Amino acid sequence: MLQVLKLQKSYGAGNTIYPVLKGVSFTVMDGEFAAVMGSSGSGKTTLLNCISRYIPIDSGKVKLGDTDLSLLDETQIARVRSRELGFVFQDFLLLDGLTVRQNILLPAIIGNTISDAAEEQADHLCTIFGIEKICEKYPAEISGGEKQRTAVARALINHPQLILADEPTGNLDSKSARAVIDTFLQARDSLSATIFMVTHDSFAASFCDKVIILQDGLVWKELLRDGRERRAFQDELLNAIREMGR
Ligand SMILES: Nc1ncnc2c1ncn2[C@@H]1O[C@H](COP(=O)(O)OP(=O)(O)OP(=O)(O)O)[C@@H](O)[C@H]1O
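The rules we used
- Residue indices begin from 1 for each chain and proceed along its sequence in written order.
- Totals for whole chains, interfaces and linings use all residues, but because this is a predicted model, local features are given only for residues with pLDDT of at least 70 and pairs of side-chain atoms are given and counted only at 80 or more.
- Hydrogens and water molecules were not included; the side-chain quantities draw on all heavy atoms of the structure.
- Starting at the N terminus, helices and strands are each numbered in turn, a helix being any DSSP run of H or I of at least four residues and a strand any DSSP run of E of at least two.
- In this treatment the radius of gyration is a C-alpha quantity, and the globule benchmark scales as 2.2 Å times the residue count to the 0.38 power.
- Relative accessibility thresholds used throughout: buried, under 20% of the residue-type maximum; exposed, over 50%; partly exposed, between the two (1.4 Å probe, protein chains only).
- We call two residues contacting when some pair of their heavy atoms lies within 4.5 Å.
- Shrake-Rupley sampling with a 1.4 Å probe provides the accessible areas, and residues are treated as covered by the protein chains on show and by no other component.
- Only four residue types enter the charge count: Lys and Arg as positive, Asp and Glu as negative, with His and the chain ends excluded.
- Each charge is placed at NZ for Lys, CZ for Arg, CG for Asp and CD for Glu.
- Pairs of strands are assigned from DSSP output, requiring at least two bridges between the strands.
- To obtain each axis, a line is fitted to C-alpha atoms, and for helices this fit is confined to the stretch in contact; angles are then taken between N-to-C directions over 0 to 180 degrees.
- Consider each residue's heavy atoms; a residue with any of them within 4 Å of a molecule or strand counts as near.
- Under this definition, polar contacts are N or O atom pairs within 3.5 Å; protein pairs additionally need one hydrogen-donor-capable and one acceptor-capable atom, and for neighbouring residues in sequence, both atoms have to be side-chain atoms.
- Note on residue categories: nonpolar means Ala, Val, Leu, Ile, Met, Phe, Trp, Tyr, Cys or Pro, charged means Asp, Glu, Lys or Arg, and polar means any other residue, Gly included.
- UniProt positions are given in the numbering used here, feature names are shortened, and annotations may be inferred rather than shown by experiment.
- By nonpolar core is meant a set of buried Ala, Val, Leu, Ile, Met, Phe, Trp, Tyr and Cys residues that side-chain atoms within 4.5 Å join together.
- Oblique is the label for any angle not under 35 degrees, not over 145, and not in the 65 to 115 range, which are roughly parallel, roughly antiparallel and roughly perpendicular in turn.
- What makes a crossing left-handed is the near helix being turned counterclockwise from the far one by less than a right angle; a clockwise turn instead makes it right-handed.

Q: Got a minute to help me understand the overall build of the protein in this structure?
A: Along the protein, the regular secondary structure elements total eight helices and 10 strands. The C-alpha atoms of the protein give a radius of gyration of 18 Å, which matches the 18 Å a tight globule of 246 residues would have. Taken over the C-alpha atoms alone, the protein extends approximately 50 × 45 × 35 Å along its principal axes. Taken across its 246 residues, the protein has 48% of its residues classed as buried. Sequence separation of at least 24 residues holds for 67% of the intrachain contacts in the protein that already meet a minimum separation of 6. For the protein, the computed accessible surface area is about 11,700 Å², with 48% contributed by carbon and sulfur atoms. Taken together, the 27 basic and 32 acidic charged side chains of the protein have centroids lying 4 Å from each other.

Right under this line is the structure:
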């Protein structure tokens, strides 16, 4: 479970301090697919970077399971990043010189968890995501959708407690965006993955179990899909975004 409690983060420019997150609190339960939305500049990426501690937080807590990430030193947080967190970026960030299978295994190599079990997990992920036939190919030889499935498989190789995804559908047309979301849904349903995704796209967010909307440095609304039709949830999200703009 991810718990963010009263998280505050400001940036300084010269003598001026710009508060971005002013006490953000929310929870993402195990096995939940959650999204954070909000207007440009509302602090979504800042929030993601505070959760992974890529940037220092000013105050508040970020708890992953029983561990308060805000209290860890650099060595400890590096270990959490490589073993407990999986990352999916907008541009996939696959290494060109490695095959699909080697790319998937990369966090295990970096995290020093490479083993027969990791190799088996790589094969299992290739099967789940339907990329077993292309696993010896290089990124330049595969499609955008296959790259994205490889990126999600890579994020899952170490059985992370949480996947953090920053605008994973950002550069994609709606068909490819849907394929990415399907990959996350598969990860949630087959592997009980917990996913926290930054998005500006109400279509992508409408597949989530929970959507957190940021405004003025705070959680303005938290909307739950609650088993509803995807379209009905997207309508609610669009209404909320319109209301926020007023
Ligand atoms: N390193 C930084 N130094 C100073 N200000 C920053 C820095 N990074 C972000 N900001 C500012 O913090 C605010 C929040 O930025 P952030 O990237 O978190 O927003 P966002 O909601 O992800 O935006 P977008 O949807 O446009 O990607 C913005 O006003 C931005 O200019």
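Moving on from the model shown.
Q: Which parts of the structure should I look at to understand the sheet that holds strand β3 (residues 33-38)?
A: Within a sheet, neighbouring strands are paired by backbone hydrogen bonds and run either parallel or antiparallel to one another. One open sheet holds the six strands; their spatial order is β6-β7-β8-β3-β9-β10, and the pairing between them is mixed. Every interior strand has two partners, whereas the edge strands, β6 (85-88) and β10 (218-224), have only one. Within this sheet the neighbouring strands show an average axis-to-axis angle of 20°, counted without direction. As paired strands, strand β9 (residues 210-215) and β10 are joined by six bridges and run antiparallel to one another. The residue bridging I213 from the neighbouring strand is K221, located in β10. Contacting β6 and β7 (162-166), helix α5 (residues 144-156) crosses the sheet at an angle of about 165° to β6. Against the sheet, helix α8 (residues 230-245) touches β3, β9 and β10, its axis set at about 160° to β10.

Q: Can you walk me through the site of the ligand in this structure?
A: All residues adjacent to the ligand are Y11, V20, S39, S40, G41, S42, G43, K44, T45 and T46. Residue G41 places a main-chain N or O atom 2.9 Å away from an oxygen atom belonging to the ligand. For the ligand, an oxygen atom lies 3.0 Å from a polar atom in the backbone of T45. Of the residues forming the shell around the ligand, the biggest block, three residues, is contributed by helix α1 (residues 44-51). Broken down by class, the residue content of the shell around the ligand amounts to two nonpolar, seven polar and one charged.

Q: It is not clear to me how the UniProt feature "domain: ABC transporter" (unreviewed entry) in the protein should be interpreted in this structure. Could you clarify?
A: Taking the numbering used here, the UniProt-annotated feature "domain: ABC transporter" (unreviewed entry) corresponds to residues 2-241. As a span, residues 2-241 carries 37% helix and 27% strand, and end to end its C-alpha atoms are 25 Å apart.

Q: Any chance you could explain the side chain of Q234 here in plain terms?
A: The topology assignment puts Q234 in helix α8. With relative accessibility at 15%, the residue Q234 sits in the buried group. Look past the residues within four positions of Q234 in its chain and what remains in contact with it is S202, F203 and S206.

Q: Explanation requested: the nonpolar core in the structure shown.
A: Most often, soluble globular proteins have nonpolar side chains that are buried together. Residues I104, F129, F184, M197 and V211 are the most contacted members of the largest nonpolar core, which totals 44 residues. Apart from residues lying up to four places away in sequence, F184 is in contact with F33, V88, V152, I163, A165, P168, I195 and M197. Formed by 30 residues, the second largest nonpolar core is a distinct cluster that contains F26, A34, V36 and V198.

Q: I would appreciate a short explanation of the sheet that holds strand β5 (residues 67-68) in the present structure.
A: Taken together, the four strands give an open sheet; going across it, the order is β2-β1-β4-β5, and neighbouring strands pair in antiparallel fashion. Looking at the sheet topology across the chains shown, the edges are occupied by β2 (16-28) and β5.

Q: Looking at this structure, how should I read the packing of α5 against helix α6 (residues 174-191)?
A: The relative placement of two packed helices is expressed as an angle between their axes plus a distance between the axes. With their axes 9 Å apart at the nearest point, α5 and α6 run at an angle of 30° to one another. On the basis of the axis angle, α5 is roughly parallel to α6. Crossing of α5 against α6: the hand is right-handed. Within the contact between the two elements, α5 uses Q148, R149, V152 and L156 and α6 uses V180, T183, F184, A187 and L191. Of the residues assigned to the contact of α5 with α6, the class counts are six nonpolar, two polar and one charged.

Q: What should I look at first to understand the packing of helix α3 (residues 100-110) against α5 in this one?
A: At their nearest, the axes of α3 and α5 sit 7 Å apart, and the two run at 30° to each other. Helix-helix and strand crossings are classified by hand; for α3 and α5 the assignment is right-handed. Listed contacts from α5 to V100, N103, I104 and P107 of α3 are T150, A153 and R154. Tallied by class, the residues present in the contact of α3 with α5 amount to four nonpolar, two polar and one charged.

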